[in-house]
Amino acid sequence: MAYEIPTPKYLRVLNTLRERIEDGVYMPGAALPSESQLCTEFRVSRPTVLKALGILKQDGWIESQQGKGSFVRGRPAERLSPQYARDVVGLDETAETEILHVGPVLATARIAAELNIPEGTPVYERRRRTVSEFGPVDLVATFVPVEIAVGTEITKPGPISGGLSEHIARLKGLRADYVTERMTARRVSPEEAEALKVPTDESVFSVVITLHQSSGEPIFTSLLVMPGSRHEIEDTYPLS
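All values derive from a computational prediction rather than experimental measurement.

Chemist: In this structure, what is going on with the overall build of the protein? I would like to understand it.
Modeler: For the protein, the count of helices and strands is eight helices and eight strands. Counting the 240 residues in the protein, one finds 40% classified as buried. About 13,600 Å² of surface is accessible on the protein, with carbon and sulfur atoms providing 52% of the total.

Chemist: Teacher, can you tell me more about the packing of helix 1 (residues 9-23) against helix 3 (residues 46-58) here?
Modeler: Packed helices, taken two at a time, are described by the angle their axes make and the gap between the axes. Remark: helix 1 packs on helix 3, axes separated minimally by 8 Å, with the N-to-C direction vectors making an angle of 50°. Here helix 1 is positioned oblique relative to helix 3, judged by the angle of their axes. Considering how the two elements wind past one another, helix 1 and helix 3 form a crossing that is right-handed. Of the residues in helix 3, those in contact with Lys9, Tyr10, Val13, Leu14, Leu17 and Arg18 of helix 1 are Thr48, Lys51, Ala52, Leu53, Ile55 and Leu56. Here the residues of the contact of helix 1 with helix 3 sort into eight nonpolar, one polar and three charged.

Chemist: I keep staring at the pattern of salt bridges and nothing clicks. Help me out?
Modeler: Should the charged atoms of two oppositely charged side chains come close, the side chains can pair. Summed over all chains, the structure comprises nine salt bridges. A salt bridge links Arg182 to Glu114; its shortest N-O distance comes to 2.9 Å. Of this pair, Arg182 sits in strand 6 (residues 178-187) while Glu114 is found in helix 5 (residues 109-115), placing the two residues 68 residues apart along the sequence. Take Glu114: its relative accessible area is 9%, and that puts it in the buried class. The partner of Arg186 in a salt bridge is Glu192, and the shortest N-O contact between them spans 2.9 Å. Salt bridges sharing common partners tie together Arg110, Glu114 and Arg182.

The rules behind the values
- Residues numbered from 1 in each chain as written.
- Predicted model: local features only at pLDDT ≥ 70, side-chain atom pairs only at ≥ 80, totals over all residues.
- Heavy atoms only, no water.
- Helix = DSSP H or I, 4+ residues; strand = E, 2+ residues; numbered from the N terminus.
- Buried < 20%, exposed > 50% of the residue type's maximum accessible area, 1.4 Å probe, protein only.
- Areas by Shrake-Rupley, 256 points an atom, 1.4 Å probe, with all protein chains shown as cover.
- Axes fitted to C-alpha atoms, helices over the stretch in contact; angles between N-to-C directions.
- Parallel < 35°, antiparallel > 145°, perpendicular 65-115°, else oblique.
- Left-handed = near helix turned anticlockwise from the far one by under 90°.
- Contact = heavy atoms within 4.5 Å.
- Nonpolar A, V, L, I, M, F, W, Y, C, P; charged D, E, K, R; others polar.
- Salt bridge = Lys/Arg side-chain N within 4 Å of Asp/Glu carboxyl O.

Structure (structure tokens):
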């Protein structure tokens, strides 16, 4: 006689919490229900809840804070980040890059919205382009709040070895947890055309990439511009 093997109780808790995070019921930075609340909701023991939470923490979905509980980190970054986004946030500036500008600028409306600051607030800009034997590949302008940039190599004209996000984490203790990305296709601007050595009627991919802490607070935002004639966007991801 055939029979169905019951789903382990801890797996039921784990899968439900993970689905709620993916569906946005529990947003990044939000606190999960307490252990006692989860025990009551799922009608399971505390060890069962702790096992489910332990796996979620190990896999990068949540983090725990002593005496405060468990907080959502979001879907693990490696399942979300396309290669070009990882290049922008983790690129070692000593490799195949040219630094075009380092210094304070006033945040535009778009940059201010990404960083949750008033328009016109001073921020530090690091603008660079990646080059190859065939010429410029892309253009990246990264904008960092002054309070984060001060006391780091961000304010200096030289390259930052090891990547910007790791540099900030090491010196400021701000760990990047998840990324938001917005992509549009548009005509290149005159300044971008000159920097990228492309025709003034070139179409480009314009991508705004912002790194956040697990609390949701932004760390920095980058504007990536890629000439359409030199790039093809390809990604592979699971359906479930």
